[in-house]
Amino acid sequence: MTNPPETAPGEPTPGEPTPADPIPADPTQHYDSVVEAWAHLLGEDLHYGFFESGDEPLVAATNALTDQMLSEAMLQKGLSVLDIGCGTGKAGCRIARESACQLIGISPSTRCIEDATELAFRLGLSDSAHFRIGDGTRPDFAGESFDRVWIMESSHLMDDKAALIREAARVLKPGGRLVLCDIMLDHKLSLEQVIDYRDEFLLLRDVFGRAKMEPLSFYDEQLQANKLKVANSRDITRETFATFDRWRQNAKQNQTSVAGLIGEVAWQQFADSCDVLEAFWQRGILGYGLVSAVKPS
């Protein structure tokens, strides 16, 4: 995943009933403690894959998800891009290298920014890809500063998603585009569902940290409320489903390395979380969406 989660995928959205257990420590610290292990488990891109056939290797599928975002972004040489939740900089550096854009990536994680900055340096992109500490719900940029806003698998990490969309719209130039993809709720969870899946929610929280999801319709509504025109809104739950099989394979193949980094218990919890997420996809509890929008000129 591209940024430190705040709760586990599958925990209820704001306003929904939640288990009474205490919330874990600072999510950024959680992420920084596991990111090296996650590279073995999730792959270098640290995000879900987009599988056309379901048979692709994970690296091809994670690249394909980035391709889907790039297609929606309609990048051109010289455009300015804000990458909110830039993770370790893989997508941001690809944008800067392939599309010749000027990119700024932000993340609350010091580890992310260090890794992203190092990647940009190694790829010779230090003049076009810049990374710094920042909060997507309170970005420190003037209004109408960017031609594109890129939010790849990081919105579920942010409690105040309305602020995220509002600020993204504010910093976007007229005629600019916003693209976002993420884990999403299929529908708002009932009290009965929260109770039924309590143990699964807590496992996911322990593995990934704290997170909150919203349905795809929420993003459409927020974009429209901020005077952005939705260009495309797609449910890609089916195309992301095979991700869990690939993560499970990685966990088996890299058990010794991962257990050495985060411990045998945490390795087993991750392996179990793949089964939970797969079941949530199948049962219509969670899924994945991609949306793009344009700011009128």
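Here the structure is a predicted model, which means the values were calculated and not measured.

## Topic: the overall build of the protein chain
Across its full length, the protein chain holds 12 helices and 7 strands. Looking at the 297 residues of the protein chain, the share that counts as buried comes to 59%. As presented, the protein chain carries roughly 12,000 Å² of accessible surface, and 48% of it is formed by carbon and sulfur atoms.

## What to know about the sheet that holds strand S4 (residues 146-152)
Overall, mixed pairing links the 7 strands, which are arranged S3-S2-S1-S4-S5-S7-S6 in an open sheet. Across the chains shown, the open sheet's two edge strands, defined by having one partner strand only, are strand S3 (129-133) and strand S6 (229-235). Between one strand and the next, the sheet's axes are offset by a mean angle of 15°, whatever the strand orientation. Two strands pair when backbone bridges link them, and strand S1 (residues 80-84) and strand S2 (residues 102-107) are joined in this way by 5 bridges, in the parallel orientation. Across the sheet, residue Val81 finds its bridge partner in S2, namely Leu103. On top of the sheet, helix H4 (residues 110-122) reaches S2 and S3; it is set at about 165° to S3, its chief contact.

## Some remarks on the pattern of salt bridges
Applying the stated criterion to the full structure yields 17 salt bridges. Between Arg177 and Glu72 there is a salt bridge; the shortest N-O distance is 4.0 Å. Of this pair, Arg177 sits in strand S5 (residues 172-185) while Glu72 sits in helix H2 (residues 58-73); the two residues are 105 residues apart in sequence, bridging distant segments of the chain. Here Arg177 matches Glu72 in class, with each residue buried. With a shortest N-O distance of 3.7 Å, Glu98 and Arg97 are connected by a salt bridge. According to the relative accessible area criterion, Glu98 is partly exposed, its value standing at 48%.

Cut-offs applied
Residues numbered from 1 in each chain as written. Predicted model: local features only at pLDDT ≥ 70, side-chain atom pairs only at ≥ 80, totals over all residues. Heavy atoms only, no water. Helix = DSSP H or I, 4+ residues; strand = E, 2+ residues; numbered from the N terminus. Buried < 20%, exposed > 50% of the residue type's maximum accessible area, 1.4 Å probe, protein only. Areas by Shrake-Rupley, 256 points an atom, 1.4 Å probe, with all protein chains shown as cover. Pairing = 2+ DSSP bridges. Axes fitted to C-alpha atoms, helices over the stretch in contact; angles between N-to-C directions. Contact = heavy atoms within 4.5 Å. Salt bridge = Lys/Arg side-chain N within 4 Å of Asp/Glu carboxyl O.

Read these as layout, nothing more, since geometry by itself doesn't imply function.
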